[in-house]
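Each chain is listed here by its residues.
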Amino acid sequence: MTDALVLRRVRAVDPSLALDAEVDIVIERGRIARIGPDAGAALLKSERVRVVELDGALVLPGLIDLHAHVREPGQEYKEDVRSGLAAAAAGGFVDICVMPNTKPVNDTRAITEMLVAKAKNIGGTRLHPIGAITVGLKGEKLAEMADMRDAGAVGVSDDGRCVMSSAVMRRALEYASTFGMPVIQHCEDHTLTEGAQVHEGAVSTKLGLRGWPRVAEDIIVARDVLLTEYTGARYHVAHVSTYGAVRILREAKHRGIAVTAEVTPHHLLLTHERVLGYDTACKVNPPLREDEDVEALRGALADGTIDCIATDHAPHSSLEKDCEFSEAAPGMIGLELCVPLLLGLVKAGAFPMARFVDALTAAPAKIVGLDRPTLREGARADLVLIDTKAKYVIDPSRMRTKGRNTPFTGVPVEGRVALTVAAGQIIHEAFA
Ligand code: DOR
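Nothing here was measured: the structure is a model prediction, and the numbers come from that model. (Residues numbered from 1 in each chain as written. Predicted model: local features only at pLDDT ≥ 70, side-chain atom pairs only at ≥ 80, totals over all residues. Heavy atoms only, no water.)

Peer 1: Go over the packing of aromatic side chains, please, and point to the residues and values.
Peer 2: Taken as a whole, this structure holds 2 aromatic pairs when the rule is applied. Ring centres of Tyr-175 and Phe-179 lie 5.0 Å apart, and the angle between their planes is 75°; this geometry places the pair in the edge-to-face category. Ring plane angle 70° and centroid distance 6.5 Å describe the contact between Tyr-278 and Phe-325, whose orientation is recorded as edge-to-face. Residue Tyr-278 is found in the loop between helix 8 (265-269) and helix 9 (291-303), and its partner Phe-325 is found in the loop between helix 10 (318-321) and helix 11 (338-347); the two are separated by 47 residues along the sequence. The partly exposed category is assigned to Tyr-278, whose relative accessible area is 43%. Relative accessible area serves as the criterion here: at 6%, Phe-325 is assigned to the buried category. Across the ring face of Tyr-392, the terminal group of Arg-416 is positioned such that the distance to the ring centre comes to 4.2 Å. (Phe/Tyr/Trp six-rings, centres within 6.5 Å; stacked < 30°, edge-to-face > 60°. Helix = DSSP H or I, 4+ residues; strand = E, 2+ residues; numbered from the N terminus. Buried < 20%, exposed > 50% of the residue type's maximum accessible area, 1.4 Å probe, protein only. Lys NZ or Arg CZ within 6 Å of the ring centre and 35° of its normal.)

Peer 1: How would you summarise a negative patch on the surface if you had to cite specific residues and measurements?
Peer 2: There is a patch of like negative charges on the surface, built from Glu-273, Asp-291, Glu-292 and Glu-295. With respect to the helices and strands, the residue Glu-273 is situated in the loop between helix 8 and helix 9. (Patch = residues over 30% accessible without salt bridge, like charges linked within 9 Å, V, L, I, M, F, W, Y side chains within 5 Å. Areas by Shrake-Rupley, 256 points an atom, 1.4 Å probe, with all protein chains shown as cover. Salt bridge = Lys/Arg side-chain N within 4 Å of Asp/Glu carboxyl O. Lys, Arg positive; Asp, Glu negative; His and termini not counted. Charge placed at Lys NZ, Arg CZ, Asp CG, Glu CD.)

Peer 1: Outline the nonpolar core, listing residues and values.
Peer 2: Counting residues in each nonpolar core, the largest one holds 71 residues, and the members touching the most others are Leu-60, Val-240 and Phe-356. Sorting elements by how many residues they give to this core places helix 11 first, with 6 residues. Look past the residues within four positions of Leu-60 in its chain and what remains in contact with it is Val-13, Phe-356, Val-357, Leu-375, Leu-383, Val-384 and Ile-386. (Core = buried A, V, L, I, M, F, W, Y, C linked by side-chain atoms within 4.5 Å. Contact = heavy atoms within 4.5 Å.)

Peer 1: For the environment of Gly-349, give the residues involved together with the corresponding values.
Peer 2: By secondary structure assignment, the location of Gly-349 is in the loop between helix 11 and helix 12 (353-360). It is 21 Å that separates the C-alpha atoms of Gly-349 and Val-417, two residues lying 68 residues apart in sequence.

Peer 1: Explain the sheet that holds strand 9 (residues 155-157) to me, using residue names and the numbers behind them.
Peer 2: The sheet built from 8 strands is open, its strands ordered 6-7-8-9-10-13-14-15 with parallel pairing. Each of the sheet's edge strands pairs with one partner strand only, and the pair in question is strand 6 (63-68) and strand 15 (308-309). Relative to strand 9, strand 8 (residues 126-131) is paired through 2 bridges, and the arrangement is parallel. Bridging across to strand 9, Ile-130 finds its partner in Gly-155. (Pairing = 2+ DSSP bridges.)

Peer 1: Could you give me a rundown of the environment of Arg-250, with the residues and numbers involved?
Peer 2: Assignment of secondary structure puts Arg-250 in helix 7 (residues 243-254). For the pair Arg-250 and Leu-192, spaced 58 residues apart in sequence, the C-alpha to C-alpha distance is 24 Å.

Peer 1: Quick one: what's the story with the site of the ligand, residue by residue and with numbers?
Peer 2: Around the ligand there are 14 residues in total, and Arg-71, Asn-101, Asn-285, His-316 and Pro-330 lie nearest to it. Contact distances for the ligand include 3.1 Å between an oxygen atom and a side-chain N or O atom of His-316. In the complex, 94% of the free accessible area of the ligand, which totals 290 Å², lies under the protein chains. Residues belonging to the shell around the ligand are distributed by class as follows: 3 nonpolar, 8 polar and 3 charged. (Near = heavy atom within 4 Å. Polar contact = N/O pair within 3.5 Å; in protein donor to acceptor, adjacent residues only side chain to side chain. Nonpolar A, V, L, I, M, F, W, Y, C, P; charged D, E, K, R; others polar.)

Peer 1: So what's going on with unusual backbone geometry? Residues and values would help.
Peer 2: The step from Glu-72 to Pro-73 runs through a cis peptide bond, and the omega angle for that step is 5°. On the secondary structure map, Pro-73 appears in the loop between strand 6 and helix 1 (81-90). In this chain, Lys-103 is followed by Pro-104 through a cis amide linkage whose omega measures 0°. Checked against the element boundaries, Pro-104 lands in the loop between strand 7 (93-98) and helix 2 (109-122). Even without being glycine, Ala-18 reaches a positive phi, approximately 50°. With respect to the element layout, Ala-18 can be found in the loop between strand 1 (4-14) and strand 2 (19-28).

Peer 1: Please provide a residue-by-residue account of the pattern of salt bridges, values included.
Peer 2: The final tally for this structure, using the stated rule, is 29 salt bridges. A salt bridge links Glu-113 to Arg-109; the nearest nitrogen and oxygen atoms lie 3.6 Å apart. Pair noted here: Glu-113 and Arg-109 are both in helix 2, with a separation of 4 residues, about one helical turn. Between Glu-290 and Arg-214 there is a salt bridge, with its nearest N and O atoms 3.6 Å apart. Taken together, the residues Glu-290 in the loop between helix 8 and helix 9 and Arg-214 in helix 6 (residues 214-231) connect sequence positions 76 residues apart. We note that Glu-290, like Arg-214, is buried. One connected set of salt bridges, linked through shared partners, spans Arg-8, Arg-9, Asp-24, Asp-38 and Glu-53.

Peer 1: Any chance you could break down the packing of helix 11 against helix 12 for me, citing the residues and the numbers?
Peer 2: Put simply, helix 11 and helix 12 touch, their axes get as near as 10 Å, and they point 150° apart. Of the possible angle classes, the one that applies to helix 11 and helix 12 is roughly antiparallel. Between helix 11 and helix 12 lies a crossing of right-handed hand. Packed against helix 11, whose contacting residues are Cys-338, Leu-342, Leu-343 and Val-346, the element helix 12 presents Met-353, Phe-356 and Leu-360 at the interface. A breakdown of the residues in the contact of helix 11 with helix 12 according to their chemical character gives 7 nonpolar, no polar and no charged. (Axes fitted to C-alpha atoms, helices over the stretch in contact; angles between N-to-C directions. Parallel < 35°, antiparallel > 145°, perpendicular 65-115°, else oblique. Left-handed = near helix turned anticlockwise from the far one by under 90°.)

Shown next as structure tokens:
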């Protein structure tokens, strides 16, 4: 047993405190007891203190993922709460919000309660269910949002399916806003994407696959912005993928409408060209798009038009991926890839470090009403220590998730989550 954990001479970044400095961080009794230059010096010789000192250590507030799939109940062969939480901790996440497209769908108090209880029992990363907007994700009848909220749900979404009816969406926004919950929309006009496999463009033509045009996303974002303005509710766009959606969001924000949005690491990094080899690991919904979309997404993340980064961690087994492209399930794993992949983009200057951190901490916390993670003295000790000098090649077989479905296998990266701390407890540790 140790009384304290000292993170010695680390670079600490917390934009909410305008902090980017070399400090010591002392963690005692679940809290950040002290933070500042040499703040741990007096404790270094104590036997009951653990000291972590690592060249190139970067410490951030604990990360929050607004969008993960842990597949429980119903598809535990792909992921379950235990493996999902382990993957989250290994990725530096202290809180994850989990999507309701399970089997059965999480549209009830009972499933929400089960998830919360199971996660509490396991411990580590905290799990927050997102309930369905409509019963069975069918887009028809509103689910019992109040019941799910009382059981611990932090938002509602029909993720994977879009609420197509404007009337249902209007009622969903009105109903959810009475509980202060955001409505999280998967923006896809299904009448424009029937049978679609990839982004509609030169690659879909070349491969002879049905395309998913950008406008199918843009139409829904535009409609929902209007409904949000009309109802005065809170609206969040899941996994934005098009430059058109960015334009609509930017204008909506300028006009003071309560819209927020997230982007995934894969949409910030990859384009539809990657699908040319029919690699099913690149099949994802919404699909990988084009250079101008990637550029717009990076710019929107940098200037805050897109509030946060969310992984859309979507584990599938080889049954769903080792098959023909048109048969494969969409989705890729993300929890353990987010930090190393995106640190590379920060380094390349795609967006500033402060925005990267905010987009994975304070911004998502605000959207779903969680405590804002911070490195402030006295705060709950939720943080992640990253070994920025660790160089390795991405290998899903070494990961905690059950999913192996990623197009990033074999990609060299720099930066490993070495320590994740939630409420003062070490929930993941991986020093090289
Ligand atoms: O690619 C995706 N996979 N997009 C979604 O919206 C759902 C997810 C899944 O559940 O596999």
